[in-house]
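Understanding the architecture of this molecule
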Amino acid sequence: MMELRSCVGKDARFIVGIHKPEFKIKNLRDNDYFEPLGQLEDGTMIDNIVNFPKGDLYEPNADIIYHSANPFPFSGTTYINPA
């Protein structure tokens, strides 16, 4: 008989894992492709420059990720980004 995974503990409390990631990423991009994305109602232009940071990236406090076990083995784990 297969053991059932659950996100509910024996004391009927919800079990959740909390992941507080940090990461370093080497920027290997050879080119930046800046493009306009559109404009706001007031005429302010929006572009994609924010998607092309200069240099390598270090994020010491990335978004917290919550994860809980799904009860069925084929369903794995649910990951939730609260942001």
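Anything mentioned here points back to the structure above.
Structure report, in brief. Note that this is a predicted model, so its numbers are computed, not measured. (Residues numbered from 1 in each chain as written. Predicted model: local features only at pLDDT ≥ 70, side-chain atom pairs only at ≥ 80, totals over all residues. Heavy atoms only, no water.)

**Regarding a nonpolar patch on the surface**
On the surface, V8, F14, V16, I18 and I64 cluster together into a nonpolar patch covering about 440 Å² of accessible area. In this structure, V8 sits in the segment before β1 (17-19). Overall, the relative accessible area of 45% leaves V8 in the partly exposed class. (Patch = residues over 30% accessible without salt bridge, like charges linked within 9 Å, V, L, I, M, F, W, Y side chains within 5 Å. Areas by Shrake-Rupley, 256 points an atom, 1.4 Å probe, with all protein chains shown as cover. Salt bridge = Lys/Arg side-chain N within 4 Å of Asp/Glu carboxyl O. Helix = DSSP H or I, 4+ residues; strand = E, 2+ residues; numbered from the N terminus. Buried < 20%, exposed > 50% of the residue type's maximum accessible area, 1.4 Å probe, protein only.)

**Topic: unusual backbone geometry**
Not every positive phi belongs to a glycine, and A12 is a case in point at roughly 65°. Relative to the helices and strands, A12 is located in the segment before β1.

**Examining the sheet that holds β1**
Across the sheet, which stays open at both edges, the three strands sit in the order β1-β6-β7 with antiparallel pairing between neighbours. Lying at the two open borders of the sheet, with one neighbouring strand each, are β1 and β7 (77-80). Along the sheet, successive strands turn relative to each other by an average axial angle of 25°, direction set aside. The pairing of β1 with strand β6 (residues 65-69) spans three bridges and is classified as antiparallel. Residue pairing across strands places H19 opposite I65, the latter belonging to β6. (Pairing = 2+ DSSP bridges. Axes fitted to C-alpha atoms, helices over the stretch in contact; angles between N-to-C directions.)

**Details of the environment of I49**
Its place among the elements puts I49 in the loop between β4 (45-47) and β5 (57-59). For the pair I49 and N31, spaced 18 residues apart in sequence, the C-alpha to C-alpha distance is 12 Å.

**What about the packing of aromatic side chains?**
Applying the stated rule across the entire model yields one aromatic pair. Arranged with centres 5.5 Å apart and planes meeting at 85°, the rings of F34 and F52 form a pair that is edge-to-face. Within this pair, whereas F34 is found in the loop between β2 (23-25) and β3 (36-39), its partner F52 is found in the loop between β4 and β5, the two being separated by 18 residues in sequence. A relative accessible area of 41% places F34 in the partly exposed class. Over the aromatic face of Y58 sits the side chain of K24, whose NZ or CZ is 5.9 Å from the ring centroid. (Phe/Tyr/Trp six-rings, centres within 6.5 Å; stacked < 30°, edge-to-face > 60°. Lys NZ or Arg CZ within 6 Å of the ring centre and 35° of its normal.)

**Things to note about the pattern of salt bridges**
The final tally for this structure, using the stated rule, is one salt bridge. A salt bridge links K26 to D56; its shortest N-O distance comes to 3.8 Å. Taken together, the positions of K26 in the loop between β2 and β3 and D56 in the loop between β4 and β5 put the pair 30 residues apart, joining distant regions of the chain.

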